[in-house]
Amino acid sequence: MAGADTEQALLERARELIAAARSVTVLTGAGVSTDSGIPDFRGPQGVWTTNPAAERIWTFENYRDDEEVRRAAWQERVAHPMWTARPGAAHEALVRLERSGKLLALLTQNIDELHQTAGSSPDSVLELHGTNHHTVCLTCGAVTPMAEALDRVRAGEDDPRCPSCGGILKATTIMFGEMLDVEVLRRARDAALGCDVFLAVGTSLGVHPAAGLVDFASMAGADVIIVNAEPTPYDAVASVVLRGGISEVLPEVLRL
Ligand code: NAD
């Protein structure tokens, strides 16, 4: 009972902070999409947790240099639940936050575009790790829809090449070993530095530089609110930490 009281008090504190804030910056991670059927990486059912070898496929050098790795990656991509996933209660709650006028920026580590599908404005969403919905050619830089490459894999190609120059295609995501887009990171830092409340949702806060955005917000004086089922390395700097399922907790936090 005492635990339930504490949870309720924390929820109310989080609500008060958001109600009093003029600007809220949100950082989302894979946990906002697990209830849409997309597994995270480091949660109990995460891709890395259940199969640590999977990381090899998503390391840039391995992907570029090893045709076998690319073949395995294309098979994973074509079978990914992302292509049929629908936004959930957490994505929708964040659309409402934007409509309230308080959202400064929605920084996401996700590559599934579910925030935009839910109705978040593409101008507000900063995709720190890119998107899985396009491919880029490693030789000529041509960007083409992922759907076209997936159709070619379904038709029997195991390592589809650039339609313009024959170069290697990869998703427009940031793989391990790649740098984040400098301009996206600059805008994300500005949004972390410029908010009153920094809300981190569904992220283990274990991947840098994205996780370090919490430091920028905290050092600039923002209240940090963390909503995540498991502990994160940043819980100690947070004003409020809320555990529990994101689809249940986040709409409550954002009931303005
Ligand atoms: P992560 O897997 O490291 O952490 C996810 C966290 O969310 C975990 O701590 C887990 O306990 C928590 N969580 C999961 N479902 C939850 C729920 N329903 N309620 C409450 N908590 C829940 O993910 P990350 O921090 O985003 O970093 C991993 C990287 O994974 C990012 O680079 C991202 O690009 C990539 N990724 C993206 C997707 C996607 O686009 N949906 C999916 C998997 C991985």
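Reading the values: rules and limits
Residues numbered from 1 in each chain as written. Predicted model: local features only at pLDDT ≥ 70, side-chain atom pairs only at ≥ 80, totals over all residues. Heavy atoms only, no water. Near = heavy atom within 4 Å. Polar contact = N/O pair within 3.5 Å; in protein donor to acceptor, adjacent residues only side chain to side chain. Nonpolar A, V, L, I, M, F, W, Y, C, P; charged D, E, K, R; others polar. Pairing = 2+ DSSP bridges. Helix = DSSP H or I, 4+ residues; strand = E, 2+ residues; numbered from the N terminus. Axes fitted to C-alpha atoms, helices over the stretch in contact; angles between N-to-C directions. Salt bridge = Lys/Arg side-chain N within 4 Å of Asp/Glu carboxyl O.

A look at the site of the ligand
Phase 1 of the analysis: Around the ligand, a shell composed of 26 residues is seen, among which Gln-109, His-129, Thr-203, Ser-204 and Glu-230 lie nearest.
Phase 2 of the analysis: Ser-204 is positioned such that a nitrogen or oxygen atom in its side chain is 2.6 Å from an oxygen atom of the ligand.
Phase 3 of the analysis: Residue Asn-228 places a side-chain N or O atom 2.9 Å away from an oxygen atom belonging to the ligand.
Phase 4 of the analysis: Residues of the shell around the ligand, tallied by class, amount to 8 nonpolar, 13 polar and 5 charged.

What about the sheet that holds strand 7 (residues 197-201)?
Sheet strands pair via backbone hydrogen bonds, and the direction of the pair is either parallel or antiparallel.
Phase 1 of the analysis: The strand order across the open sheet built from 6 strands is 3-2-1-7-8-9, with neighbouring strands paired in parallel fashion. Only two strands of the sheet have a single partner each, and these edge strands are strand 3 (125-127) and strand 9 (240-242). On average, adjacent strands in this sheet sit at an angle of 15° to one another, irrespective of strand direction.
Phase 2 of the analysis: Relative to strand 7, strand 1 (residues 24-28) runs parallel, the two sharing 5 bridges.

Things to note about the pattern of salt bridges
When their charged atoms lie close together, side chains carrying opposite charge are able to pair.
Phase 1 of the analysis: In this structure the tally under the stated criterion is 17 salt bridges.
Phase 2 of the analysis: Note that Arg-154 is salt-bridged to Asp-151, the shortest N-O span being 3.1 Å. Separated by 3 residues within a single helix, Arg-154 and Asp-151 lie in helix 8 (residues 146-154), roughly one turn from each other.
Phase 3 of the analysis: Taking the shortest distance from any N to any O, the salt bridge between Glu-252 and Arg-255 comes out at 3.0 Å.
Phase 4 of the analysis: In this structure, a network of salt bridges that share partners links the residues Glu-67, Glu-68, Arg-71 and Asp-158.

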